[in-house]
There are 2 protein chains.
Amino acid sequence: MADRDITRRSLFGTGAALGAGALLAEAAPSAAASGAAPSTADVVVVGAGFAGLTAARELTRAGASVVVLEARDRVGGRAYNHELGGGVISEAGATFVGPTQDHVLNLAAETGVATFPTYDTGNDVYVSGSGRQTYSDTGPTGSAPPDPLLLPDLTTVITRLDQMSTEVPVDAPWTAPKAEEYDRQSLGSWLAANTVNPDFAALAAAATRPIFGAEPRELSLLYVLYYIAASGNETTPGTFERNFDTRDGAQMWRFAGGSQLICQRIADSLGDRLVLNAPVRRISQSGTGVVVTADGVTVSAKQVVVAIPPALAGRIDYQPLLPFQRDQLTQRFGQGTLSKVAAVYPEPFWRTAGLTGQAISTDGPISATFDDSPPEGGPGVVFGFVGGDRARGFAQLSAADRQAAVLDQLSGFFGPAALSPTGYLETQWAAEQWTRGCPVALAPPGLLVSYGEWIRRPIGRIHWAGTETSTYWAGYMDGAVRSGERAAREVLDAL
Amino acid sequence: MADRDITRRSLFGTGAALGAGALLAEAAPSAAASGAAPSTADVVVVGAGFAGLTAARELTRAGASVVVLEARDRVGGRAYNHELGGGVISEAGATFVGPTQDHVLNLAAETGVATFPTYDTGNDVYVSGSGRQTYSDTGPTGSAPPDPLLLPDLTTVITRLDQMSTEVPVDAPWTAPKAEEYDRQSLGSWLAANTVNPDFAALAAAATRPIFGAEPRELSLLYVLYYIAASGNETTPGTFERNFDTRDGAQMWRFAGGSQLICQRIADSLGDRLVLNAPVRRISQSGTGVVVTADGVTVSAKQVVVAIPPALAGRIDYQPLLPFQRDQLTQRFGQGTLSKVAAVYPEPFWRTAGLTGQAISTDGPISATFDDSPPEGGPGVVFGFVGGDRARGFAQLSAADRQAAVLDQLSGFFGPAALSPTGYLETQWAAEQWTRGCPVALAPPGLLVSYGEWIRRPIGRIHWAGTETSTYWAGYMDGAVRSGERAAREVLDAL
């Protein structure tokens, strides 16, 4: 089988359990089928996510001929619309957009996709060892829970991380004055040395699981500081708050019709220049050109843009071999471990109880939830992030036990009505053959100083895109779009 | 080209610069050629290094039919004999063996390969910012230089690491009582917090570069403790000294004829059950068997042993997909960065000056050298390890600049005669397509606790071998042999 998509969907009303192919036939009717793929082009783009499609769009607009080769039977990469019926979708992947993410916002506007505000009226829920409490994100900690026992550590940690992040240049974190000192520490060891209450570690993990799909022990401190610095743009410096918050932060808005719709619109414009079901296996370059070999199709071109996650880029055969530093980068820059679960209800019942649908929990599989209902207000959809150790443990449970654990946790957040959904969805991004983990590639200690300079350095006729290669908003749709624009500029300079 | 082997050889007497293929035609005349490869077997073994060949040998001896598929045009993997002419070889890869490495010693004895002592008479050389000094490895620090300024830190660090390593079970480091605490720290951050003299960091790196091909920032403390614990056997606990020392340590003996000779002997016994030039691309398993597809050959079997580095194992297509935890392990468990340089002289001139040929340096490309002369005592061969940041920087120099830097450094260690070699060799293991880095896969912080349990867990009909999967002497030939023996036992239980 070409792609084991383990997305599960059980709509209780119908009892249907549809495979991803069936879902996608509904969700992506515009995607081109293979067949008469062009065998030459100015540029081959590998991967039809936001990065690759943006590069292809920019190159086409500049007059270059392009062929996009996509491994899956759909476009969108880490953006993927689940069809719930009646035109309602739940985003199984990338969902939110916020201020300073101007590049994806511009692209959405140009492709005719509107934004609408994430539901954020009322109180958030916080569940920890000491019980359940509610709080407003208009308080001084924003979306972070103002746990009174942890508040001193929370304030100190966020203030210090934000301050330290200003020392880290987003285009070259490995050149920061204290790069060596920061890169030899994990976020976990830094937190252990810089917090007072040992219970703070649980709250920190409840943040890194949804943000990174990882535990604090897995993340280089330098990488975390870069990620914070990158949560902004050229005029508005990044902060932890802008990354983590809903209000004025990266979760502020959503796309009407789902984020994947932007990719589908670009795909429509590419017509038969987009080839689906075409995983790229080999890229051979010479002094005169490049030959890209995928299952069932080979394309000759002048330049190539590889717009897939670094770990997957490392699995392509390159002839001649890439410099070993680039290869060793891809041996270490693994994808995060993030699953998304969603429950569907007739109404967003939490709203009438004065809740936003947002919850943060230090216990249970889910670390954070959001209201994912369509802009019309119904049906009610809530989704949760299961990340890091919790995602790895969750995957070992049976499907029934996973669903029971999720619904039990949702009822703890929002009340017993959560136990009676009309639908339940899961997407295990780490098990997707053509993504291998979400939301982003993670730099462990040592990676950025040793290999960071190779993240987007072109190698001959090969240019690198993908959200991991962005200066701002790496890990987000905006970073992917930025990377596609930058790669297109590189290629146009080289053509 | 199937394998860009960038080993360089310039024998000044002839001016010849031979490619690896030519060298290997000399070095491995016994290796079988492809052609009429069997299309079925009880077991397919992927990779003909020490691990795969040991597994194949054990399985064959137990009566199972085996096919070994090897990507290169030679056997040996990280063991590779450079022919210097006249039957003299210099080992471009794995070289040494020592006490407690009983499994590779037994295998050598059974294949008729003798050991001889590493030359270790006289003083070692130590070069640091404060100059050059000599010392005897019969002193209390063994092969580690007794730098008076750093001695307090050295003693403390080795004592503490050895003590902490006793808490780490070699078969499951992630279950150590303090696994979380140790795995969130890098060796670099632990050293920064546990040493007094900041200059100690340079000496520590001079050790991790040859041992791991890495900087202290790249290594999980838990992994380093495991590696120390693994430097022993079931009756003799591992210690740093046993790993690092020549006298009574892992560098005590060498193999007459070179370590690769053991692999060549096993290859001879396999005949046409060994297929060279056959990189494996796909492994498909079902309820009834497994199909292994390599370039030019497909073999059906009951079980398969994958005996290649984890990063390369992750580049095979598995059908069905492996559990995502196994895949994510291979996205993070990258190979070290270690190059080997060697210079050849008419005589081992350092011996007459009372030097062992062993040097440790905090400066320059080379961090450690050894006398690599043949047992007959001539010609004189000295090799050096260039690892971690030094290997990455070294690779960016021109070939002439690299050679000049090496010879300059060797003359600083051993005197001006080092400037006039008759030959110079380099092997950049990170640039080898079918190894991608030496000596071993490295666990950054977070990896072992998050993914360690998947290192050798069989998945259906797939069994994992390779030195990285060993409990003792991971990273060494002995670990590879142990892993092959263990994988063979697993398979025999399953057949």
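The structure displayed is predicted, hence computed values, not measured ones. (Residues numbered from 1 in each chain as written. Chains lettered and ligands numbered in written order. Predicted model: local features only at pLDDT ≥ 70, side-chain atom pairs only at ≥ 80, totals over all residues. Heavy atoms only, no water.)

S.K.: Would you mind showing me how to read the overall build of chain A here?
M.R.: Tallying secondary structure elements over chain A gives 17 helices and 22 strands in all. In terms of overall dimensions, chain A is globule-like: its C-alpha atoms have a radius of gyration of 22 Å, near the 23 Å expected for 495 residues. Taken over the C-alpha atoms alone, chain A extends approximately 65 × 55 × 40 Å along its principal axes. Out of the 495 residues belonging to chain A, those deemed buried represent 66%. By sequence separation, contacts in chain A at least 24 residues apart represent 74% of the contacts at least 6 residues apart. Of the roughly 15700 Å² of accessible surface on chain A, a fraction of 55% belongs to carbon and sulfur atoms. (Helix = DSSP H or I, 4+ residues; strand = E, 2+ residues; numbered from the N terminus. Rg over C-alpha atoms; globule rule 2.2 N^0.38 Å. Buried < 20%, exposed > 50% of the residue type's maximum accessible area, 1.4 Å probe, protein only. Contact = heavy atoms within 4.5 Å. Areas by Shrake-Rupley, 256 points an atom, 1.4 Å probe, with all protein chains shown as cover.)

S.K.: Would you explain the pattern of salt bridges in this entry?
M.R.: Pairing is possible between side chains of opposite charge, provided their charged atoms come close. For the coordinates displayed, the defined rule picks out 50 salt bridges over all chains. Between Glu110 of chain A and Arg57 of chain A there is a salt bridge; the shortest N-O distance is 2.8 Å. You can see Glu110 of chain A sitting in helix 3 (residues 102–110) and its partner Arg57 of chain A sitting in helix 2 (residues 50–61), a full 53 residues away along the chain. Through salt bridges with shared partners, a single network forms among Glu180 of chain A together with Arg217, Glu218, Asp389 and Arg392 of chain B. (Salt bridge = Lys/Arg side-chain N within 4 Å of Asp/Glu carboxyl O.)

S.K.: Even after reading the chapter, I still don't get the packing of helix 12 (residues 324–332) of chain A against helix 12 (residues 324–332) of chain B, so can you show me in this structure?
M.R.: It is the contact of helix 12 of chain A with helix 12 of chain B, at a shortest axis distance of 4 Å, that shows an interaxial angle of 145 degrees. On helix 12 of chain B, the residues that touch Thr330, Gln331 and Arg332 of chain A of helix 12 of chain A are Thr330, Gln331 and Arg332 of chain B. (Axes fitted to C-alpha atoms, helices over the stretch in contact; angles between N-to-C directions.)

S.K.: What is the right way to look at the sheet that holds strand 3 (residues 66–69) of chain A in this model?
M.R.: Adjacent strands of a sheet pair through backbone hydrogen bonds, lying either parallel or antiparallel. Taken together, the five strands give an open sheet; going across it, the order is 11-3-2-15-22 (chain A), and neighbouring strands pair in parallel fashion. Of all strands in the sheet, those with a lone pairing partner are strand 11 (274–275) and strand 22 (462–464) of chain A, marking the two edges. (Pairing = 2+ DSSP bridges.)

S.K.: Would you explain the packing of aromatic side chains in this entry?
M.R.: The relative placement of two aromatic rings is captured by the distance of their centres and the angle of their planes. All names here are of chain A. All chains considered together, the criterion is met by 36 aromatic pairs over all chains. Note on Phe240 and Phe244: the rings are 5.2 Å apart at their centroids and 15 degrees apart in plane angle, and the pair reads as stacked. Taken together, the residues span about one helical turn, with Phe240 and Phe244 both in helix 9 (residues 240–244) at a distance of four residues. The pair formed by Phe240 and Phe244 is uniform in burial state, with each residue classed as buried. In textbook terms, an aromatic cluster arises when at least three aromatic residues are bridged by ring pairs, as seen for Phe212, Tyr223, Tyr226, Tyr227, Trp473 and Tyr476. The ring of Trp464 carries Arg326 above its face, with NZ or CZ at 3.5 Å from the centroid. In this arrangement the basic side chain of Arg402 is found over the ring face of Phe394, its NZ or CZ atom lying 5.9 Å from the centre. (Phe/Tyr/Trp six-rings, centres within 6.5 Å; stacked < 30°, edge-to-face > 60°. Lys NZ or Arg CZ within 6 Å of the ring centre and 35° of its normal.)

S.K.: Just to check I follow, could you spell out the sheet that holds strand 11 (residues 274–275) of chain B for this structure?
M.R.: Residue and element names in this part refer to chain B. Pairing is parallel in the open sheet, where five strands are placed in the order 11-3-2-15-22. Across the chains shown, the open sheet's two edge strands, defined by having one partner strand only, are strand 11 and strand 22 (462–464). Inspection of the sheet shows strand 2 (residues 43–46) paired to strand 3 (residues 66–69) by four bridges, in the parallel sense. Of the residues in strand 3, the one forming a bridge with Val46 is Leu69.

S.K.: Would you mind going over the confidence of the model for chain A with me for this structure?
M.R.: Close reading of the predicted structure is inappropriate where its pLDDT is low. In the predicted model, chain A carries a mean pLDDT of 93, and 93% of its residues have values of at least 70. The model gives residues 1–34 of chain A a pLDDT under 50, and that stretch makes 79 contacts with residues more than four places away or in other chains. (pLDDT = per-residue confidence, 0-100.)

S.K.: I keep staring at the relation of the copies chain B and chain A and nothing clicks. Help me out?
M.R.: The relation between the two copies of this chain is a rotation about an axis and a shift parallel to it. The transformation that overlays chain B on chain A combines an axial shift of 0.0 Å with a rotation of 180 degrees, and the residual RMSD is 0.0 Å. Here the copies are linked by what is in effect a two-fold axis. Across chain B, the rotation axis passes nearest the C-alpha of Arg332 of chain B, at a separation of 2.1 Å. Interface overlap between copies is the fraction of interface residues in one copy that are interface residues in the other; for chain B against chain A it reaches 100%, indicating a shared surface. (Least-squares fit on C-alpha atoms with pLDDT ≥ 70 in both.)

S.K.: Looking at this structure, I do not really get the interface of chain B and chain A. What am I missing?
M.R.: Reports often express the size of an interface as the amount of accessible area lost when the parts come together. Each partner contributes residues to the interface: chain B has 53 residues there, and chain A has 53 residues. Together, Arg217, Leu321 and Phe324 of chain B form the three largest contributors to the area buried by chain B at its contact with chain A, with a combined 18%. Looking at the side of chain B that touches chain A, the elements that each hand over two or more residues are helix 5 (179–183), helix 6 (187–194), strand 12 (280–285), strand 16 (317–319), helix 12, helix 14 (389–394) and helix 16 (447–451) of chain B. The element best represented in the side of chain B that touches chain A is helix 12 of chain B, accounting for seven residues. Here the side of chain B that touches chain A is built from residues that sort into 18 nonpolar, 20 polar and 15 charged. (Buried area = accessible area lost by both parts, 1.4 Å probe. Nonpolar A, V, L, I, M, F, W, Y, C, P; charged D, E, K, R; others polar.)

S.K.: Honestly, the domain arrangement of chain A in this entry has me stumped. Any pointers?
M.R.: All names here are of chain A. The domains assigned to chain A are domain 1 (8–80 + 259–335 + 443–494), domain 2 (116–143 + 246–255 + 343–434) and domain 3 (150–244). Each of domain 1 and domain 3 was reduced to a C-alpha centroid, and the two centroids are 29 Å apart. If you look at the interface, domain 1 gives 19 residues, while domain 3 gives 25 residues. Regarding the contact of domain 1 and domain 3, the summed buried area is about 1800 Å², with carbon and sulfur atoms giving 57% of it. (Domains from an automatic or database assignment.)

S.K.: Is there a simple way to think about helix 7 (residues 200–212) of chain B in this case?
M.R.: Structural remark: α-helix, 3.6 residues per turn; residues separated by three or four positions point the same way. All names here are of chain B. End to end, helix 7 covers 18 Å across 13 residues, agreeing with the expected 18 Å (1.5 Å per residue, within 8%). Most of helix 7 sits out of view: eleven of its 13 residues are buried. Among the residues making up helix 7, those that are buried are Phe200, Leu203, Ala204, Ala205, Ala206, Ala207, Thr208, Arg209, Pro210, Ile211 and Phe212. (Expected span 1.5 Å × (residues − 1).)

S.K.: Help me understand unusual backbone geometry, please; the structure alone is not making it clear to me.
M.R.: Among all residues save glycine, negative phi is the norm, and among peptide bonds the norm is trans. A cis amide bond, omega 0 degrees, links Cys438 of chain A with the succeeding residue Pro439 of chain A. Topologically, Pro439 of chain A is positioned in the loop between strand 21 (423–428) and helix 16 (447–451). Residue Pro320 of chain B is reached from Gln319 of chain B by a cis peptide bond, and omega for that bond is -5 degrees. In this fold, Pro320 of chain B is placed in the loop between strand 16 and helix 12. If you check the backbone angles, Asn277 of chain B has positive phi at about 55 degrees while not being a glycine. With respect to the element layout, Asn277 of chain B can be found in the loop between strand 11 and strand 12. The partly exposed category is assigned to Asn277 of chain B, whose relative accessible area is 46%. Not every positive phi belongs to a glycine, and Arg436 of chain B is a case in point at roughly 70 degrees. Note that Arg436 of chain B resides in the loop between strand 21 (423–428) and helix 16. Residue Arg436 of chain B is classed as buried on the basis of its relative accessible area, which comes to 9%.

S.K.: Sorry, what's going on with the packing of helix 4 (residues 151–165) of chain B against helix 8 (residues 221–229) of chain B here?
M.R.: The packing of two helices is summarised by the inter-axis angle and the distance between the axes. Residue and element names in this part refer to chain B. Where helix 4 meets helix 8, the closest approach of the two axes is 8 Å, and the angle between their N-to-C directions is 80 degrees. What the angle tells us is that helix 4 and helix 8 run roughly perpendicular. Of helix 8, the residues touching helix 4 (which contributes Leu161, Asp162, Met164 and Ser165) are Leu221, Leu225, Ile228 and Ala229. Split by residue class, the contact of helix 4 with helix 8 holds six nonpolar, one polar and one charged. (Parallel < 35°, antiparallel > 145°, perpendicular 65-115°, else oblique.)

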